[in-house]
Amino acid sequence: MHGKQWMIAFSLSGLLCFNLVVQANTASSKSYQGPYPNYPTVNYGTGKQRTLIKRGEYLVKVGDCISCHTNTPEGGKPFAGGLPIKTPFGTFYTPNITPDKETGIGGWSTKDFRRALHDGVAPDGSHYFPTFPYPSFTKVSKVDLNAIKAYLDNIPAVNQPKRKDDVPFPFNQRRLQFGWKLLFFNKGRYQYNPEQSAEWNRGAYLVQGLGHCGECHTPRNPFGAVKNSHYLTGAFIDGFYCPNITEAGLRHAGIADIMKVFQGELLNEAGPVQGPMAEVNHNSLNYLSLADQRAIVVYLKTVPYHGTDIHARLKDKDVATQGRTVYKKVCAECHDEGKAGAPMIGDTANWRDRRKNGLDELYKHTIKGYNNMPIMGNCVTCSEEEIVAAVGYMLAHSDSNLRLRQNSRGRDTAKLTITDGETIYKQHCASCHSKSGTAMSLSDKQAWRDAVKAKSFDGLMDVTIKGGRFHPPKGNCDTCSTAELKVALKYMLKESGAGAYKLW
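All values derive from a computational prediction rather than experimental measurement.

What follows deals with the pattern of salt bridges. All told, the structure shown has twelve salt bridges when counted by the stated rule. For the salt bridge of Lys-187 with Asp-119, the shortest nitrogen-to-oxygen distance reads 3.1 Å. Of this pair, Lys-187 sits in the loop between helix 8 (176–184) and helix 9 (198–208) while Asp-119 is found in helix 5 (residues 110–119), placing the two residues 68 residues apart along the sequence. Judged by relative accessible area, which is 53%, Lys-187 ranks as exposed. Judged by relative accessible area, which is 18%, Asp-119 ranks as buried.

Before going further, it helps to spend a moment on the packing of aromatic side chains. Under the definition given, this model contains twelve aromatic pairs. Arranged with centres 4.8 Å apart and planes meeting at 75°, the rings of Phe-236 and Tyr-241 form a pair that is edge-to-face. With respect to burial, Phe-236 and Tyr-241 carry one shared label: buried. Of the aromatic side chains, those joined through ring pairs into one cluster are Tyr-128, Phe-132, Tyr-134, Phe-137 and Phe-185. Against the face of Tyr-39 rests Lys-61, its NZ or CZ located 4.8 Å from the ring centre. Note that Lys-181 overlies the ring of Tyr-134, its terminal NZ or CZ placed 5.0 Å from the centroid.

In terms of nonpolar packing, the biggest core is built from 60 residues, with Val-60, Phe-79, Ile-148, Tyr-151, Leu-152, Ile-296 and Leu-300 touching the most fellow members. With six residues, helix 7 (residues 142–152) is the single largest residue contributor to this core. With near-sequence residues (within four places) excluded, Leu-152 lies in contact with Val-60, Phe-79, Ile-97, Pro-99, Ile-105 and Phe-113. Among the nonpolar cores identified, the runner-up in size contains 22 residues, and Phe-457, Cys-477, Met-492 and Ala-498 belong to it.

Turning to the packing of helix 19 (residues 418–433) against helix 21 (residues 482–496), a few remarks are in order. The geometry of helix 19 relative to helix 21 is characterised by a closest axis approach of 8 Å and an angle of 80° between their N-to-C directions. Between helix 19 and helix 21, the crossing angle belongs to the class labelled roughly perpendicular. Between helix 19 and helix 21, the residues in contact are Ile-418, Asp-420, Gly-421, Glu-422, Ile-424, Tyr-425, Cys-429 and His-433 and Glu-484, Val-487, Ala-488, Tyr-491, Met-492 and Lys-494, respectively. Residue classes in the contact of helix 19 with helix 21 are distributed as eight nonpolar, two polar and four charged.

Turning our attention to helix 14 (residues 290–300). Burial of helix 14 is extensive: eight of the eleven residues sit out of reach of the surface. Those residues of helix 14 that sit buried are Asp-292, Gln-293, Ala-295, Ile-296, Val-297, Val-298, Tyr-299 and Leu-300. Those residues of helix 14 hidden inside the fold are in contact with helix 3 (47–63), helix 9, helix 11 (247–250) and helix 12 (255–261).

Rules of the game
Residues numbered from 1 in each chain as written. Predicted model: local features only at pLDDT ≥ 70, side-chain atom pairs only at ≥ 80, totals over all residues. Heavy atoms only, no water. Salt bridge = Lys/Arg side-chain N within 4 Å of Asp/Glu carboxyl O. Helix = DSSP H or I, 4+ residues; strand = E, 2+ residues; numbered from the N terminus. Buried < 20%, exposed > 50% of the residue type's maximum accessible area, 1.4 Å probe, protein only. Phe/Tyr/Trp six-rings, centres within 6.5 Å; stacked < 30°, edge-to-face > 60°. Lys NZ or Arg CZ within 6 Å of the ring centre and 35° of its normal. Core = buried A, V, L, I, M, F, W, Y, C linked by side-chain atoms within 4.5 Å. Contact = heavy atoms within 4.5 Å. Axes fitted to C-alpha atoms, helices over the stretch in contact; angles between N-to-C directions. Parallel < 35°, antiparallel > 145°, perpendicular 65-115°, else oblique. Nonpolar A, V, L, I, M, F, W, Y, C, P; charged D, E, K, R; others polar.

Here it is, written out as C-alpha cells:
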C-alpha cells in the first residue's frame with residue numbers, strides 16, 4: 001500500500017504522454033523478503049510533548065515512511081534515505097528526512113513540511129516528483145502532519161547527502177510536474193462524510209491519506225495518474241499483483257478474515273502474504289491498533305467496484321469459447337508473459353506440474369486464491385464456471401495430450417458415469433462417509449435403506465445441495481456442480497447396497 005515504485009512513472013510524464021508506465025510498474029530492485037529496517041530509539045520527553053511525539057511516531061508507521069526512506073538493503077540508517085528505485089526512466093534515490101540541518105529536514109519549518117506533503121512543493125519552491133506520494137498525503141490533516149513533524153524532529157539526525165538521481169533528460173525536469181499537477185493532482189484535505197459512521201470515516205481517511213493504498217492497488221492511465229474510475233481494483237508492482245480490494249474483491253470475506261491479511265495470512269488460507277504487502281505488514285500495518293485495522297476493512301468493503309465486467313455469460317457460448325473470452329480479457333495480462341509468477345500459457349511442463357494434485361485442486365486455487373494467484377483470478381465479475389472455463393482454455397492450449405471433459409469442473413455432465421461418481425466420492429465425500437460417525441458410513445446398508453425410504457432420492461439430493469442438520473451445503477464441495485453431486489450420491493447408494501434407486 002505504499003507508492004514509492006509506482007509514482008516514479010507518474011511524475012516523469014508531466015504534459016508528455018510517454019506510454020511507458022506499464023513497464024515501470026513492475027520494475028524495481030527492492031527486495032521484500034527482508035531484512036527490514038528498525039525504528040530508532042527516541043527521547044519522547046514528558047507531558048504534552050511526549051504525547052505529540054508518540055502520536056507522530058504512530059502516524060509515521062501508518063504511512064510506512066521508513067520503507068521508502070531507509071536504504072535497508074545496503075545497511076542504511078533509518079529515515080536517512082538513499083534507497084535506489086530503478087525504473088525504465090532511470091534510477092531515483094529517496095531523500096534524507098532525519099533532522100540533520102545540512103542534509104535532512106532539520107532546517108524545515110512546520111509550514112515547509114506541510115507544504116511538501118499537501119502541495120508537493122519543496123521549501124525552495126520546486127515541484128516534487130510524485131515518487132513522494134503527495135497526491136495521497138494532501139488528504140492528511142494539519143494536526144496529524146504537525147505530529148509527524150514533531151516525531152521526525154526527534155529521531156537521530158544522520159548526515160547523509162542525497163544521492164544524485166540517475167535520470168536522463170527530459171524525465172529529470174521538475175518543471176514538467178506543474179503541468180502534471182494541473183491535469184491530475186486534486187489538492188485538499190479529507191472531507192468527513194456525515195452519512196457514514198465515525199469508524200467508516202476513520203478507515204477512509206487512513207486508506208486515502210497516510211495509508212496511500214491506492215498508489216499500489218489502482219491501475220494507471222498513460223500519464224501515470226491513478227484511474228479514479230478503477231480505484232483499488234488491482235495493479236502490478238515489483239513483479240507482484242496487488243489484488244482488487246473494493247467491495248467486489250472482498251465480498252466473500254469477513255472483516256476478521258481480512259484483518260488476518262495484515263498479520264500475514266492470505267484469505268482462504270491461500271498461503272503467506274508475500275512481496276510488497278509483506279513489507280507493508282512488517283513496517284506499518286502490524287503497528288496499527290485493532291480499531292484502525294478494522295476501520296480500514298470496514299471502509300474497503302464499501303468501496304464501489306467500477307472495473308471491467310467482461311459480460312462472458314452468454315447462453316449461446318460453449319465452454320471453450322467462454323474460456324477463451326475470459327482468458328483474453330482477464331488472464332492474459334499475467335499468463336501471456338508470466339507476470340507475478342503466473343505459469344505461461346503453452347508451458348506444458350509447468351501446467352502438468354500444477355495438475356499433479358488433480359484438476360479440482362487447481363480449480364480451487366484459482367477460485368479461492370493461492371499465493372500470488374488472486375481470488376477468482378481477480379475477475380470479480382466472473383462466475384466460478386467462467387473461471388474454470390478459462391483454466392480449461394489455458395490447459396488445453398498448454399498440453400496437446402490433455403483431454404478435458406467440459407463443464408463447470410472439466411466433466412461433461414451429459415456423459416457422467418459411475419466412475420465419475422466414485423472419483424467425486426473419494427475426493428469430497430469419503431472423509432466423512434467412509435467411517436462411522438455423524439455421517440452415514442458407506443458400509444451401513446440399513447441406514448441408507450432407511451434414509452431412502454424416509455426421504456426418497458430427491459429428498460437426499462435436496463439435503464446434499466442445501467445442507468441438513470449435520471450435512472454441510474454441497475458436502476463442502478463448493479466446486480461441484482449439481483450433476484456431479486447427483487452422480488456421487490448415486491455411487492454411494494450403489495456401494496451401500498441400498499438398492500432403492502434405478503441408477504442408470
